[in-house]
Amino acid sequence: WMPWGLMALFLILSGIARQMEKQGPLNLGVVPSYWEVPVPTLHKMVERAERLVPPDAVGDERKEAALFKITWLTAPGTPVFCAALLSMVLLRLSPAQVLAVFRKTIYQMRIPIPTIACMLGLSYVTKYAGMDATLGVAFAETGVLYPFFAAMLGWLGVFLTGTDAGSNALFGSLQKITATEVWNTHGSTALRHLSLEQAQILICTANSTGGVMGKMIDAQSICVATAGTNQVGREADIFKAVIWHSVLLACVVGLMTAAQAFLWPFTQMVPK
């Protein structure tokens, strides 16, 4: 259990560092804790439609920033990697054992890692091509039912990408745009208990909470689970066993989101 304990400790430290980075990169003496690199030919080249930007935005404020953020210190993989290095020492692994584990890990993750990378890349394509805005305005046609479907969309995103972070990257901007459109249409009636910012927070959060319920059926998780428990070949059996649990729990999250959107006192749970 020691590797998992070490990983938990490093993740806590990484989370603390991430909170400190809200004011900017940390000065570590030699290098900053992260770099932001403008993407050539894309940074500040895409401008949102007037209805999709704050009313007081002018000039460059209306344009999308395309910054590649290299978060080497607080990226989730950094604490995991540090825990692995320390575990090698404390467990007294030989170089041959380390190499064997490394090769096995690469083999197990040969499909999930490229898949996740491609889905994250697709999220940037949809954002800067305006596809998220188009889909967001279209989904707004569901009207007052959308808070329920917001959770289901997050569930679908995790099923496709395999990670909640991937789902948020893929659908996060879309969810915010749709929340804005729904509030502009029904803010004075069905959503009268929420401000525009609260509606955006609620819908974007539903993308994450609904997405968690899709974690049990995404292909990457099932493949990793079967590989780690010597059940390769039983992926379909596992999927069939948990699919309806996943759908039911996602619906529960959708109903909870709808209650927080429309029903007092549940609307008081949404932070201001």
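Keep in mind the model is a prediction, meaning the values are calculated, not measured.

Considering the overall build of the protein
Summing up its helical and strand segments, the protein has 10 helices and 2 strands in all. Just so you have it, the protein exposes about 16,400 Å², and 70% of that area is on carbon and sulfur atoms. Taken as two groups, the 19 positive and 16 negative side-chain charges of the protein have centres that lie 10 Å from each other.

Remarks on helix α4 (residues 112–128)
Along its 17 residues, α4 runs 25 Å from first to last C-alpha, staying within 8% of the 24 Å computed at 1.5 Å per residue. Along α4, the residues that are buried comprise Pro112, Ile116, Met119, Ser123, Thr126 and Tyr128. On the buried face of α4, the contacting elements are α3 (95–108), α5 (131–139), α6 (146–161), α7 (164–186) and α9 (219–228). Of the residues one or two after α4, Gly130 is the one with positive phi, at around 85 degrees.

What to know about the environment of Ser221
With respect to the secondary-structure elements, Ser221 resides in helix α9. Ser221 gets classed as partly exposed once you look at its relative accessible area, which sits at 22%. Sequence separation between Ser221 and Gly162 is 59 residues, and the spatial gap between their C-alpha atoms is 6.7 Å. Sequence-distant contacts of Ser221, that is, excluding residues within four places in its chain, are made with Gly162 and Lys215.

Details of the pattern of salt bridges
Applying the stated criterion to the full structure yields 1 salt bridge. Among the salt bridges present, the one from Arg234 reaches Asp237, with a minimum N-O distance of 3.7 Å. Here Arg234 falls in the partly exposed class, since its relative accessible area comes to 41%. Taking relative accessible area as the criterion, Asp237 reaches 38% and is therefore assigned partly exposed.

Focus on the side chain of Thr257
Relative to the helices and strands, Thr257 is located in helix α10 (residues 235–262). Classification of Thr257 as buried rests on a relative accessible area of 3%. Among all residues touching Thr257, those that are not within four sequence positions of it are Pro147, Ala151, Leu202 and Ala206.

So, unusual backbone geometry
Cis geometry is adopted by the peptide bond preceding Pro265, which originates at Trp264 and carries an omega value of 15 degrees. Mapped onto the fold, Pro265 is located in the segment after α10. Non-glycine residue Arg92 carries a positive phi angle of around 55 degrees. Here Arg92 is to be found in the loop between α2 (77–90) and α3.

What to know about empty space enclosed by the protein
Sizing a probe to match a water molecule and rolling it over the atoms shows the empty space that remains. Following the criterion strictly, the structure yields 1 cavity of 30 Å³ or more and no others. A volume near 70 Å³ is recorded for the largest cavity. Surrounding the largest cavity, Tyr146, Pro147, Ala179, Val182, Leu191, Leu194, Ala199, Leu202, Ile203 and Ala261 form its lining. With 3 residues, helix α8 (residues 196–212) is the largest single contributor of residues to the lining of the largest cavity. Residues of the lining of the largest cavity, tallied by class, amount to 10 nonpolar, no polar and no charged.

Structural notes on a nonpolar patch on the surface
Where nonpolar side chains cluster on the molecular surface, the patch consists of Leu28, Trp35, Val37, Val39, Phe68, Ile70 and Trp72 and spans about 600 Å² of accessible area. Broken down by secondary-structure element, the contributors of at least two residues to the nonpolar patch are β1 (35–38) and β2 (67–70). Structurally, Trp35 can be placed in strand β1.

The rules behind each value
Residues numbered from 1 in each chain as written. Predicted model: local features only at pLDDT ≥ 70, side-chain atom pairs only at ≥ 80, totals over all residues. Heavy atoms only, no water. Helix = DSSP H or I, 4+ residues; strand = E, 2+ residues; numbered from the N terminus. Areas by Shrake-Rupley, 256 points an atom, 1.4 Å probe, with all protein chains shown as cover. Lys, Arg positive; Asp, Glu negative; His and termini not counted. Charge placed at Lys NZ, Arg CZ, Asp CG, Glu CD. Expected span 1.5 Å × (residues − 1). Buried < 20%, exposed > 50% of the residue type's maximum accessible area, 1.4 Å probe, protein only. Contact = heavy atoms within 4.5 Å. Salt bridge = Lys/Arg side-chain N within 4 Å of Asp/Glu carboxyl O. 1 Å grid on protein atoms, 1.4 Å probe; cavity = no way out; pocket = protein on both sides within 12 Å on 5 of 7 lines; lining within 4 Å. Points joined across faces, edges and corners; volume = space filled by probe spheres on them. Nonpolar A, V, L, I, M, F, W, Y, C, P; charged D, E, K, R; others polar. Patch = residues over 30% accessible without salt bridge, like charges linked within 9 Å, V, L, I, M, F, W, Y side chains within 5 Å.

Function-wise, these values are silent; they only describe arrangement.
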